[in-house]
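# Geometric and topological summary
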Amino acid sequence: MPAFAYRGRNAAGDVVTGTLEGATPAAVADLLFGSGVTPLEIRSAPEGAQKKTETGEARGLMALFAEKIGHVDILLFSRQIYTLLKAGVPIMRALSGLQESSQNQAMRHLLGQIRESLDAGRELSVSLARHPKVFSAFYLSMVRVGEMTGRLEEIFLRLFDHMEFERFMHTQVKSALRYPSFVVTAMAIAVFIVNLWVIPAFAQVFKGFGAELPLMTRILLGFSEFTVHWWPVIIGGVIIAGFAFTRWVATPKGRYQWDRIKLRLPIAGKIVHKATMARFARSFALAARSGVPIIQAMTTVAMTVDNAFIADKVEKMRDSVERGESILRAAVGARIFTPTVLQMIAVGEESGALDDMMEEVAGMYQSEVEYELKTLSQQIEPILIVMLGIMVLILALGIFLPMWDLGRVAMKK
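All values reported here derive from a predicted model rather than from experimental measurement.

So, how was this worked out
Residues numbered from 1 in each chain as written. Predicted model: local features only at pLDDT ≥ 70, side-chain atom pairs only at ≥ 80, totals over all residues. Heavy atoms only, no water. Helix = DSSP H or I, 4+ residues; strand = E, 2+ residues; numbered from the N terminus. Buried < 20%, exposed > 50% of the residue type's maximum accessible area, 1.4 Å probe, protein only. Contact = heavy atoms within 4.5 Å. Areas by Shrake-Rupley, 256 points an atom, 1.4 Å probe, with all protein chains shown as cover. Core = buried A, V, L, I, M, F, W, Y, C linked by side-chain atoms within 4.5 Å. Salt bridge = Lys/Arg side-chain N within 4 Å of Asp/Glu carboxyl O. Expected span 1.5 Å × (residues − 1). Phe/Tyr/Trp six-rings, centres within 6.5 Å; stacked < 30°, edge-to-face > 60°. Lys NZ or Arg CZ within 6 Å of the ring centre and 35° of its normal. pLDDT = per-residue confidence, 0-100. Axes fitted to C-alpha atoms, helices over the stretch in contact; angles between N-to-C directions. Parallel < 35°, antiparallel > 145°, perpendicular 65-115°, else oblique. Left-handed = near helix turned anticlockwise from the far one by under 90°. Nonpolar A, V, L, I, M, F, W, Y, C, P; charged D, E, K, R; others polar.

## Overview of the overall build of the chain
- Each helix and strand counted, the chain has 17 helices and three strands in total.
- The proportion of buried residues among the 413 residues of the chain is 38%.
- Partitioning the contacts of the chain with sequence separation of at least 6, the portion at a separation of at least 24 is 61%.
- As displayed, the chain has an accessible area near 23,300 Å², and 62% of this comes from carbon and sulfur atoms.

## Considering unusual backbone geometry
- Even without being glycine, Ile267 reaches a positive phi, approximately 65 degrees.
- Considering the arrangement of structural elements, one finds Ile267 in the loop between α10 (252–262) and α11 (268–289).
- Judged by relative accessible area, which is 18%, Ile267 ranks as buried.
- Its identity is not glycine, yet Arg335 carries a phi of approximately 60 degrees, on the positive side.
- Following the sequence through the fold, Arg335 ends up in the loop between α14 (327–334) and α15 (339–351).
- Overall, Arg335 belongs to the exposed group, its relative accessible area being 76%.

## Observations regarding the nonpolar core
- In this structure, Phe77, Ile114, Phe135, Tyr139, Phe156, Leu159 and Phe337 are the most contacted members of the largest nonpolar core, which totals 81 residues.
- Ranked by the residues each element gives to this core, the list is headed by helix α8 (residues 152–207), at twelve residues.
- Residues in contact with Phe337, not counting those within four places in the same chain, are Met277, Phe280, Met317, Ala331, Leu342, Ile345 and Tyr365.
- Phe206, Leu213, Leu221 and Ile399 belong to the second largest nonpolar core, which has eight residues in total.

## Details of the side chain of Thr227
- On the secondary structure map, Thr227 appears in helix α9 (residues 215–250).
- Residue classification places Thr227 among the buried residues on the basis of a relative accessible area of 2%.
- In this structure, Thr227 is in contact with Phe192, Asn195, Leu196 and Ile234, ignoring residues within four places of it in sequence.

## Notes on the pattern of salt bridges
- Under the criterion given, the structure shown has 17 salt bridges.
- Here Lys270 ties to Glu372 by a salt bridge, and the two come within 3.6 Å at their closest N and O atoms. Placement of Lys270 in helix α11 and of Glu372 in helix α16 (residues 354–374) is noted, with a sequence separation of 102 residues between them.
- Relative accessible area serves as the criterion here: at 9%, Glu372 is assigned to the buried category.
- For the salt bridge of Glu372 with Lys274, the shortest nitrogen-to-oxygen distance reads 3.3 Å.

## Thoughts on the environment of Phe77
- Structurally, Phe77 can be placed in helix α3 (residues 71–86).
- Excluding anything up to four places from it in sequence, Phe77 contacts Leu95, Leu98, Met107, Leu111, Phe135, Tyr139 and Phe156.

## What to know about helix α13 (residues 308–322)
- With 15 residues, α13 should reach 21 Å at 1.5 Å per residue; the first-to-last C-alpha distance of 21 Å fits that figure.
- Turning to α13, its buried residues number three or more, namely Phe309, Ile310, Ala311, Lys313, Val314, Met317, Arg318, Ser320 and Val321.
- Residues of α13 that are buried in the fold lie against α10, α11, α12 (294–301) and α14.
- One or two positions beyond α13, positive phi appears at Gly324, with a value near 110 degrees.

## Quick notes on the packing of aromatic side chains
- Evaluated as defined, the whole model comprises ten aromatic pairs.
- A ring pair is formed by Phe135 and Tyr139, whose centres lie 5.3 Å apart and whose planes are at 45 degrees; its orientation type is tilted.
- Residue Tyr139 is classed as buried on the basis of its relative accessible area, which comes to 4%.
- An aromatic cluster is built from Phe77, Phe135, Tyr139 and Phe156, whose rings are joined through pairwise contacts.
- Directly above the ring of Phe160 sits Arg79, whose terminal nitrogen or CZ lies 5.2 Å from the centroid.
- One cation-aromatic arrangement involves Arg282 over Phe165; the distance from NZ or CZ to the ring centre is 4.1 Å.

## Structural notes on the confidence of the model for the chain
- In the predicted model, the chain carries a mean pLDDT of 82, and 87% of its residues have values of at least 70.
- The least confident element of the chain is helix α2 (residues 47–62), whose mean pLDDT is 47; the most confident is α10, at 92.
- Of the regions scoring below 50 in pLDDT, residues 49–64 engages in eight contacts with residues more than four places distant in sequence or in other chains.

## Section: the packing of α3 against α8
- Running from N to C, α3 and α8 point in directions that differ by 155 degrees, and their axes come no closer than 8 Å. One way to sum up the angle between α3 and α8 is to call them roughly antiparallel. For the pair α3 and α8, the crossing hand works out as left-handed. When α3 is examined against α8, the residues His71, Val72, Ile74, Leu75, Phe77, Ser78, Arg79, Ile81, Tyr82, Leu85 and Lys86 are found in contact with a partner set consisting of Leu152, Glu153, Phe156, Leu157, Phe160, Met163, Glu164, Glu166 and Arg167.
- Among the residues forming the contact of α3 with α8, the class breakdown is twelve nonpolar, two polar and six charged.

Written out as structure tokens, the structure is:
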């Protein structure tokens, strides 16, 4: 990942400089804003810094199989630091205790680096921002708000609840999509095996009939013959297509298009959409309740929805609000909310309790997602049965029709 040298001002107005890794200058700017630094200049780092970065990446490749810092590690960190801060334990002592008790070597190393950064006089949000791969911009923004308001322990508790909600939604959606994906994959493998070994055996029998075969049988034999002769090309094509798809999704345009397609998938699309909207509503409620300005809240929330299409809609909402429009009008223009949700946003905006209404929206979406997941098997099973029936019908007609014709001819003789 490229390195960028930046120059900016912190909350005290002092000029700060440094180097951060990021995909683009805009990504580095988001990290700086999240850590409380207003960037004045962002440019590509000198070659020396780039070489250091490349050396670090080489060391990272050597540590490919080392322990990683996962979502659960940050989840536990947020809960533990909240408990210690609430008990009146100083931040340095709290981090020292967490470092000694952590079972993850990577997490222990991270906590040690955070302590060193705090010893150097940096704020906690700035120290966390030095690890953008571990702490998201939303997380950093919330910690910064906690420092400014003096409610850091409360912020960590809210972040824990938010991350626990994120983990629940991600796990539920992933588990719900696992069964249909497995069934479809198994059916594809079965078709491949039948075409490679089963149908060729019947083809030898059909050659001795000396009669014209039915259309369905000729189609099956042709497809089977193609599979037998070109199976390496088919497998190679599937691998190349999978690699190309991965590279395409990794691009901003590809990610946007794929996230948009996911929302339109039958059955699964509405689950992904509701889960994404629940994540947006919960993040927005957390940011608004913690005192984050609406414009900044929408900017940071757009980074948490994990869907480029919805994130683009949220950013357009932010632009509309920035131009002076109401949140309700911006939400209507986004066209991603149901009339019920729009009504709740209107009530929240009029009563000044928008954070409470967005919390209710998140709860409503979460309940709908849980219901959809419970009934998912009932919705998918008929479709899978029909697909399996069609596949069996095609195979049966293609294989047994010639045998039935042969039996009728034998009976006439």
